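Summary of the model geometry
Residues per chain are reported as follows:
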Amino acid sequence: MNKVNEHQEECLNILQEECAEVIQAASKIKRFGLVGKPVNTTLTNKESLEMELGDVLALVDLVKASNLGITTEGIEKARLNKMQRLSKYMHTWEQYTAK
Ligand SMILES: [Mg+2]
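None of the values given here were measured: they were computed from a predicted structure.

Helices and strands together make up the secondary structure of the protein chain, namely four helices and zero strands. The order of α-helices and β-strands along the protein chain, N terminus first, is α-α-α-α. Here the protein chain has a C-alpha radius of gyration of 17 Å; the compact-globule value for 99 residues is 13 Å, and the former is much larger. Along the longest, intermediate and shortest principal axes, the C-alpha atoms of the protein chain span 45 × 40 × 20 Å. Burial status across the protein chain gives 8% buried among its 99 residues. Nonlocal contacts in the protein chain, meaning residues at least 24 apart in sequence, comprise 44% of its contacts between residues at least 6 apart.

If you want it as structure tokens, here you go:
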């Protein structure tokens, strides 16, 4: 079994944290709307989700660069496969996504 090195582990730890922050930001929009602003923040819920999605993308870059074998090509292949599955099974696809 291949163990991860210290840097790879740190990248994966932060990636986990950022994914959890995306979950939290999405939940806030569902509960309080896009323009809601949690106490003690200057960002709207929409801006918070944008920030957390950007944080995840930054970590994706770091994970790709960390020699774990995670590649842009592998991610893009998975992304396209997911879009294809969603187009078949997502209830609102036709109404909101198909042009
Ligand atoms: Mg974050």
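Having seen the model, we can carry on.
What follows is about unusual backbone geometry. One non-glycine residue with positive phi stands out, namely Asn67, at about 65°. Within the element layout of this structure, Asn67 appears in the loop between helix 2 (45–65) and helix 3 (72–89). You can call Asn67 exposed: it has 11 C-beta atoms within 10 Å.

It is worth spelling out the environment of Lys28 at this point. Looking at the secondary structure, you find Lys28 in helix 1 (residues 6–32). Assessed through the 20 C-beta atoms surrounding it within 10 Å, Lys28 is described here as buried. Separated by ten residues in sequence, Lys28 and Pro38 place their C-alpha atoms 8.5 Å apart. In contact with Lys28, not counting residues within four places along its chain, are Gly36, Pro38, Asn45 and Ser48.

Time to look at the domain arrangement of the protein chain. Each assigned domain of the protein chain is listed with its residue range as follows: domain 1 (1–68) and domain 2 (71–99). Computed from C-alpha atoms alone, the centre-to-centre distance between domain 1 and domain 2 is 21 Å.

Assignment of secondary structure puts Arg85 in helix 3. Given 10 C-beta atoms within 10 Å, Arg85 falls into the exposed group. As for Arg85 and Cys11, which are separated by 74 residues in sequence, their C-alpha atoms are 29 Å apart.

A few words now on helix 2. Its 21 residues give helix 2 an end-to-end C-alpha distance of 30 Å, which sits within 8% of 30 Å, the value for a rise of 1.5 Å per residue. Of the residues making up helix 2, those classed as buried are Asn45, Ser48, Leu49 and Leu59. Down the axis of helix 2, the buried set is contained in an arc of 95°. They therefore lie on one face. Exposed positions of helix 2 whose direction lies more than 90 degrees from the buried face are Gly54, Leu57, Asp61 and Ala65. Buried residues in helix 2 make contact with helix 1.

Now for helix 3. Under the 1.5 Å per step criterion, the end-to-end length of helix 3 is 26 Å for 18 residues, consistent within 8% with the ideal 26 Å. With zero of 18 residues buried, helix 3 is to be regarded as a mostly surface element.

So, how was this worked out
- Residues numbered from 1 in each chain as written.
- Predicted model: local features only at pLDDT ≥ 70, side-chain atom pairs only at ≥ 80, totals over all residues.
- Helix = DSSP H or I, 4+ residues; strand = E, 2+ residues; numbered from the N terminus.
- Rg over C-alpha atoms; globule rule 2.2 N^0.38 Å.
- Buried ≥ 20, exposed ≤ 12 C-beta atoms within 10 Å, placed from the backbone.
- Contact = placed C-beta atoms within 7 Å.
- Domains from an automatic or database assignment.
- Expected span 1.5 Å × (residues − 1).
- Arc of directions from axis to C-beta.

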